[in-house]
Amino acid sequence: MTGVKRKKNSVVWRKINSFHCADIKQWCLRRLPILEWAPCYNLKENLIPDTVSGIMLAVQQVTQGLAFAILSSVHPVFGLYGSLFPAIIYAIFGMGRHVATGTFALTSLISANAVERLVPQASQNFTTYSNSGVLGLSDFEMQRIGVAAAVSFLGGIIQIAMFVLQLGSATFLLTEPVISAMTTGAATHVVTSQVKYLLGMKMPYISGPLGFFYIYAYVFENIKSVQLEALLLSLLSIVVLVLVKELNEQFKRKIKVVLPVDLVLIIAASFACYCANMEYTYGLDVVGHIPDGIPSPRAPPMNILSEVVTEAFGVALVGYVASLALAQGSAKKFKYSVDDNQEFLAHGLSNVIPSFFFCIPSAAAMGRTAGLYSTGSKTQVACLISCILVLIVIYAVGPLLYWLPMCVLASIIVVGLKGMLIQFRDLKKYWNVDKIDWSIWVSTYIFTICFAANVGLLFGVVCTIAVVIVRFPRAKTLSLKNMKELEYKVKTEVEGENLQQVKIITINNPLVFLNAKKFHADLMNTIQKDNANNQSPDDINKHEQNMLLNLTSNGTCNGETPQPYPNEKYSVILDCTGLTFFDYTGVSTLVQACTDCRNQNVDFLLANCTASLKKAVQYCGHLESDKHIFFESVSAAIGAIHLNKNLSKFSDHSEV
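About the cut-offs
- Residues numbered from 1 in each chain as written.
- Predicted model: local features only at pLDDT ≥ 70, side-chain atom pairs only at ≥ 80, totals over all residues.
- Heavy atoms only, no water.
- Helix = DSSP H or I, 4+ residues; strand = E, 2+ residues; numbered from the N terminus.
- Buried < 20%, exposed > 50% of the residue type's maximum accessible area, 1.4 Å probe, protein only.
- Contact = heavy atoms within 4.5 Å.
- Axes fitted to C-alpha atoms, helices over the stretch in contact; angles between N-to-C directions.
- Parallel < 35°, antiparallel > 145°, perpendicular 65-115°, else oblique.
- Left-handed = near helix turned anticlockwise from the far one by under 90°.
- Nonpolar A, V, L, I, M, F, W, Y, C, P; charged D, E, K, R; others polar.
- Core = buried A, V, L, I, M, F, W, Y, C linked by side-chain atoms within 4.5 Å.
- Patch = residues over 30% accessible without salt bridge, like charges linked within 9 Å, V, L, I, M, F, W, Y side chains within 5 Å.
- Areas by Shrake-Rupley, 256 points an atom, 1.4 Å probe, with all protein chains shown as cover.
- Salt bridge = Lys/Arg side-chain N within 4 Å of Asp/Glu carboxyl O.
- Phe/Tyr/Trp six-rings, centres within 6.5 Å; stacked < 30°, edge-to-face > 60°.
- Expected span 1.5 Å × (residues − 1).
- pLDDT = per-residue confidence, 0-100.

Here's the deal with the overall build of the protein
Piece 1. Regarding its fold elements, the protein presents 28 helices and eight strands.
Piece 2. Evaluated residue by residue, the protein yields a buried proportion of 49% over its 656 residues.

As C-alpha cells, this is what we get:
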C-alpha cells in the first residue's frame with residue numbers, strides 16, 4: 001500500500017512539475033486574445049484602415065451613446081462612458097476582430113424598465129443643473145444611473161457564471177430564425193420608443209405587456225399635440241441620412257473615405273438650433289448640459305440587485321445572443337474562429353467592470369459592426385482608436401452638444417436600425433425553405449413586440465425545442481446503402497442453390513429517447529418487407545406443405561417449431577457511422593432489435609461502432625460472446641458472412 005501511495009504521489013508531483021511556462025502562456029493566449037493578434041499587428045497594412053474605421057466608429061459611438069443613454073432613462077453623459085470602457089475591455093478579452101462593443105439599443109431598453117420602476121420619472125429634465133451630485137448632476141440622476149449600473153453588474157455576473165459553466169455549447173438552440181425575429185422585434189420596440197422625440201410629443205413612460213400598442217394608441221389619441229417643427233426636422237434628417245448612406249454604399253469602391261453624414265448632421269443641427277434659439281423659440285427638446293470629465297469609480301448599489309434580476313437576465317441573454325451572432329458573422333466573413341464560451345467571459349467583464357464607472361449595459365451593435373465592415377477595419381485597433389476620440393469628446397467636446405435637438409438624435413437612431421429592420425426580407429427565404437421556420441420567425445416576432453425581447457427569445461427557443469421533439473421521432477431513421485453489396489447473394493451447392501441476402505442499412509440520426517421507437521419500427525418493417533418480397537409464391541406453397549406434413553407426422557411432442565423459410569438466409573449489417581450519440585433508451589432499443597432479429601433467424605451485425613457504443617451495447621444487452629456482432633467496417637462484416645457460410649458448408653459435408 002505504501003508503494004502504491006508513493007507512486008500516486010509521484011504521478012501528481014510530475015503533473016505539477018509539467019505545468020511550465022508554456023502552459024501558462026497557452027492559457028493567457030486563450031483567455032486574452034489580444035496577446036495573440038497584437039504582437040503580429042502590421043502597422044503598414046492595417047494602421048491606416050483601422051484609423052479611418054476608428055474615426056467613423058467614434059462618430060457612431062458618440063451619437064448612439066447619447067441616444068441609448070436616453071433610451072435607458074439616464075443622463076446622456078453616461079452613454080459616453082458606456083461607449084468607452086466596454087469597448088476597451090472587449091478589445092482585450094473578445095475574439096471578434098470586427099465587433100464594435102458599446103451601448104446597445106436592446107439592453108438599454110431592458111434596463112430602462114428597471115430604472116423607471118425603481119426610480120420613477122420626477123419633475124427633472126436633462127437641462128437641470130445642480131451641484132448636489134457627482135459631475136454637477138442631481139441626486140435623482142445618480143439614483144437612476146445607479147439602477148442601470150446594477151443591471152449591468154448583475155447581467156455581467158450572470159454571463160461570467162455561464163462562462164464558468166461552459167454554457168456556450170448550448171447556443172445551438174439559438175437558431176437563425178429565432179435570432180432574426182428577436183432582433184427585428186426589439187428594433188421595432190426601439191423605433192417605437194423614439195416616436196415621441198420624432199414627433200416632439202410629451203409622453204409618459206409606457207412599458208409592460210402590450211406596451212407597444214399602448215404607445216401608438218396614446219400617439220393617435222394626442223395627435224394634435226404633435227410639434228410640427230420637430231416632425232419636419234425629423235423627416236429632413238431621415239431623408240438626408242438615408243440618401244447619403246445609400247450613396248456611400250453605392251460608391252464605396254470608388255471613394256476611399258465615406259462621408260461621415262452622422263457627424264455632419266450633428267454639427268449642422270446643433271449650429272442651426274443655437275443660431276435660431278430653437279429650444280425657446282419653437283420649444284424643441286435638446287440634449288442639454290453634458291458635463292466634462294470622468295468621475296471616480298463607485299460600486300453599483302448592491303442592495304437593489306435582488307430587484308433587478310429579471311432585467312439582468314434579459315441583458316445577459318439578449319446582449320450575448322445579439323453580440324455572438326455578429327462575432328460569428330464576422331469570423332465567417334474574414335476566416336477566423338470565435339469561441340462561444342470566451343465571448344461569455346468577454347461580454348461579462350465588459351458589463352461588470354464598466355458598471356463601476358457609471359456605465360449602462362453594453363453589447364455589440366449591428367450598425368457599428370457594419371460600419372467597421374464598410375470602412376475596411378482590420379482589427380480591434382479601430383475600436384481602441386475610437387475610444388481615444390470618445391475620450392476627447394468626454395473631456396473637451398461634450399459641452400458643445402448642448403444644442404443637439406432630440407429629434408435629430410432620434411432620427412440617427414432610427415436610420416441606424418435599418419440593418420435590423422430589413423430582416424423582414426428573410427421571411428421570403430424561410431417560406432421557400434421551411435415553412436416551420438417561417439412560423440417560428442413570425443410567432444417569435446409577435447411575442448417580442450407584444451411583451452419584450454427576452455420573452456420573445458425564450459418563446460423562440462421553446463418553439464425550436466418543441467419542433468425538434470415533434471419532428472425528431474418522425475424523421476427517417478434508416479436508409480439502405482446505395483452500393484453494390486446491397487443485394488449480395490452467396491451461392492452454395494448443398495441440395496441445390498441456397499441464397500443468402502445481405503441488407504446494409506445505415507443510421508441517419510442519433511439514437512435517443514426521441515426516435516428510439518421509430519428506429520425499431522423502421523428496422524423491423526424493412527426486414528419483414530424484404531423477407532416477404534424475396535419469397536416466390538411456389539416456394540411459399542412448397543414450404544407450407546412441408547410444414548403441414550411435418551406437423552401431421554411428428555406432432556409437437558418434441559417441442560420444436562419449424563423455422564420459417566429454411567432455404568432463405570438473411571443478414572442485416574447496421575452501419576453506425578451516423579450514430580453520433582445515444583442514450584440508455586436508444587441502446588436498449590438497439591439490443592432489442594438484435595434479439596428480435598435472432599428470433600427471426602436473421603443475422604444482425606454492427607459496423608463502424610465507436611468504443612463507447614460497443615461498451616454500452618455489451619453492458620446493456622449481455623449479448624452472448626460466442627457470436628461476434630461488432631465489425632470495424634461494412635466490408636469486414638461481409639467478409640465474416642462469407643467465412644461463416646463456408647464454415648457452415650464444410651461442417652455439413654463433414655457430418656455427411
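Observations regarding helix 19 (residues 406-416)
Piece 1. Across the 11 residues of helix 19, 10 count as buried, placing the element largely inside the fold.
Piece 2. Of the residues making up helix 19, those classed as buried are Met406, Cys407, Val408, Leu409, Ala410, Ser411, Ile412, Ile413, Val414 and Val415.
Piece 3. Among the structural elements, helix 4 (43-71), helix 9 (176-193), helix 10 (195-199), helix 12 (228-250), helix 13 (261-276) and helix 20 (418-421) are those in contact with the buried residues of helix 19.

A look at the packing of helix 8 (residues 139-164) against helix 16 (residues 340-352)
When two helices pack together, their arrangement is given by the angle between their axes and by how far apart the axes lie.
Piece 1. Packing of helix 8 against helix 16 brings their axes to within 7 Å, and their N-to-C directions diverge by 160 degrees. With respect to helix 16, the axis of helix 8 lies roughly antiparallel. Every pair of crossing elements has a handedness; the one defined by helix 8 and helix 16 is left-handed. Residues Ser152, Phe153, Gly156, Ile157, Gln159, Ile160, Met162 and Phe163 of helix 8 form the contact with helix 16, whose participating residues are Asn341, Gln342, Phe344, Leu345, His347, Gly348, Leu349, Asn351 and Val352.
Piece 2. By residue class, the composition of the contact of helix 8 with helix 16 is nine nonpolar, eight polar and no charged.

A look at the packing of helix 9 against helix 21 (residues 426-433)
Piece 1. At a closest axis distance of 12 Å, the pairing of helix 9 and helix 21 adopts a crossing angle of 155 degrees. Taken together, helix 9 and helix 21 sit at an angle that is classed as roughly antiparallel. In the packing of helix 9 onto helix 21, the handedness of the crossing is left-handed. Each of Glu176, Pro177 and Ser180 in helix 9 lies in contact with helix 21, whose residues at this interface are Asp426, Lys429 and Tyr430.
Piece 2. Classifying every residue of the contact of helix 9 with helix 21 by side-chain character gives two nonpolar, one polar and three charged.

Quick word on the nonpolar core
Piece 1. The biggest cluster of nonpolar side chains holds 113 residues, and the ones touching the most others in it are Leu66, Phe78, Tyr81, Ile145, Val408 and Leu409.
Piece 2. With 12 residues, the top contributor of residues to this core is helix 8.
Piece 3. Core analysis: the second largest hydrophobic core is formed by 27 residues, Ile507, Ile527, Val591 and Cys609 among them.

Structural notes on a nonpolar patch on the surface
Piece 1. Together, Leu243, Leu247, Phe251 and Ile255 make up an exposed nonpolar region whose accessible area comes to about 330 Å².
Piece 2. Mapped onto the elements, Ile255 comes out in the loop between helix 12 and helix 13.

A look at the pattern of salt bridges
Piece 1. Overall, the coordinates contain eight salt bridges when judged by the stated rule.
Piece 2. Close ionic contact of Arg144 with Glu116 constitutes a salt bridge, the shortest N to O distance being 3.1 Å. Linking Arg144 in helix 8 with Glu116 in helix 7 (residues 105-118), this pair joins segments that are 28 residues apart in sequence. Of the two residues, Arg144 and Glu116, both sit in the buried class.
Piece 3. Salt-bridge contacts for Lys202 lead to Asp285; the nearest nitrogen and oxygen are separated by 3.1 Å. Of the two residues, Lys202 is situated in the loop between helix 10 and helix 11 (211-221) and Asp285 in the loop between helix 14 (278-281) and helix 15 (309-334); the sequence distance between them amounts to 83 residues.

Re the packing of aromatic side chains
Piece 1. Counting across every chain of the model gives 16 aromatic pairs.
Piece 2. Arranged with centres 6.3 Å apart and planes meeting at 35 degrees, the rings of Phe78 and Phe358 form a pair that is tilted. Pair noted here: Phe78 is in helix 5 (residues 77-82) and Phe358 is in the loop between helix 16 and strand 2 (362-364), with a separation of 280 residues, a long-range link. Note on accessibility: Phe78 and Phe358 belong to one class, buried.

A closer look at helix 15
Piece 1. The terminal C-alpha atoms of helix 15, which comprises 26 residues, lie 37 Å apart, in line with the 38 Å expected from a rise of 1.5 Å per residue.
Piece 2. One or two positions beyond helix 15, positive phi appears at Lys335, with a value near 65 degrees.

Looking at the confidence of the model for the protein
Low pLDDT means the predicted coordinates in that region are not meant to be read closely.
Piece 1. Looking at the protein as a whole, the pLDDT averages 80, with 81% of positions reaching at least 70.
Piece 2. The model gives residues 542-567 a pLDDT under 50, and that stretch makes 11 contacts with residues more than four places away or in other chains.
Piece 3. Note that residues 652-656 has pLDDT below 50 and, in this model, one contact with residues that lie over four places away or in other chains.

Considering unusual backbone geometry
Piece 1. Located in the positive-phi region is Leu210, a residue other than glycine, with phi close to 65 degrees.
Piece 2. Backbone geometry places Asn608, a non-glycine residue, at a positive phi of 60 degrees.
Piece 3. Relative to the helices and strands, Asn608 is located in the loop between strand 7 (602-607) and helix 27 (611-621).
Piece 4. Look at Asn608 and you get partly exposed, because its relative accessible area is 26%.

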